[in-house]
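Coordinates in review
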Amino acid sequence: MKHYVVLLDRDRIPGELRIPEFDHVWVEHPHTPPDACVDHLWRATIGVTHDTPITAQVLAGCPKLRCLLVTGASLDVVDAAACRERGIAVRHLPPDGDAVMDAIEDCARGLA
């Protein structure tokens, strides 16, 4: 399975990110305004947000999304109930490049 990985707030994750060792498309946005979230995520199977809100309305426009990683201070930016209803795994991580990459690779393995 080819994954489509989208980082919505790349400027909030310090350091270099290693290239994942699975079949993927990689897209980075320095910052995503809330009104552009669906446009940026609609193809994604794995999404990463720092503080871009992921609402039920956003999730409705992202039918392929299966894993969502949050690097901000709180999971409050994500509609957890809507994620549960859609079977989307949500993980809270520190804004650290290695932790994010490990989690992305874990998601890809779990979705294979």
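Relevant structure appears above.
What this report covers is the structure whose coordinates are included nearby. Bear in mind the structure is a predicted one, so any value in this text is a computation, not a measurement.

Looking at where Ala56 falls in the secondary structure, it is placed in helix H2 (residues 56-60). The exposure class assigned to Ala56 is partly exposed, which follows from its relative accessible area of 33%. Excluding its chain neighbours within four sequence positions, the residues that come into contact with Ala56 are Asp79, Ala82 and Arg86.

What follows is about the nonpolar core. Counting 18 residues, the largest nonpolar core has Val6, Leu41, Ile54, Leu59, Leu65 and Leu68 as its most contacted members. Those elements giving two or more residues to this core turn out to be strand S1 (3-7), helix H1 (37-41), H2, strand S4 (67-70) and helix H3 (80-86). If we skip the residues at most four places from it in the chain, Val6 touches Val27, His29, His40, Leu41, Ala44, Ile46, Gly47 and Val48. By size, the runner-up hydrophobic cluster in this structure holds 16 residues, among which are Leu7, Ile46, Val100 and Met101.

Attention now goes to the environment of Trp26. When you line up the elements, Trp26 lands in strand S2 (residues 24-28). By relative accessible area, which is 25% here, Trp26 ends up partly exposed. In this structure, the C-alpha to C-alpha distance between Trp26 and Val6, residues 20 residues apart in sequence, is 6.2 Å. Contact partners of Trp26, with chain neighbours within four places excluded, come to Val5, Leu7, Leu17, Pro20, Met101 and Ile104.

With five of five residues buried, S1 is to be regarded as a mostly interior element. Residues His3, Val5 and Leu7 point to one face of S1 and Tyr4 and Val6 to the other, with burial holding for every one of them. Looking at chain direction, S1 and S2 are connected through five bridges and run parallel. Counted as the bridge partner of Val6 is Val27 from S2. Where S1 lies against strand S3 (residues 46-49), three bridges are found, and the strand directions are parallel. In the strand pairing of S3, Val5 is matched with Ile46.

A few words now on the environment of Val6. Its place among the elements puts Val6 in strand S1. With 74 residues separating them in the primary sequence, Val6 and Ala80 have C-alpha atoms 19 Å apart.

Rules used throughout
- Residues numbered from 1 in each chain as written.
- Predicted model: local features only at pLDDT ≥ 70, side-chain atom pairs only at ≥ 80, totals over all residues.
- Heavy atoms only, no water.
- Helix = DSSP H or I, 4+ residues; strand = E, 2+ residues; numbered from the N terminus.
- Buried < 20%, exposed > 50% of the residue type's maximum accessible area, 1.4 Å probe, protein only.
- Contact = heavy atoms within 4.5 Å.
- Core = buried A, V, L, I, M, F, W, Y, C linked by side-chain atoms within 4.5 Å.
- Pairing = 2+ DSSP bridges.

By themselves, these figures tell us nothing about what the structure is for.
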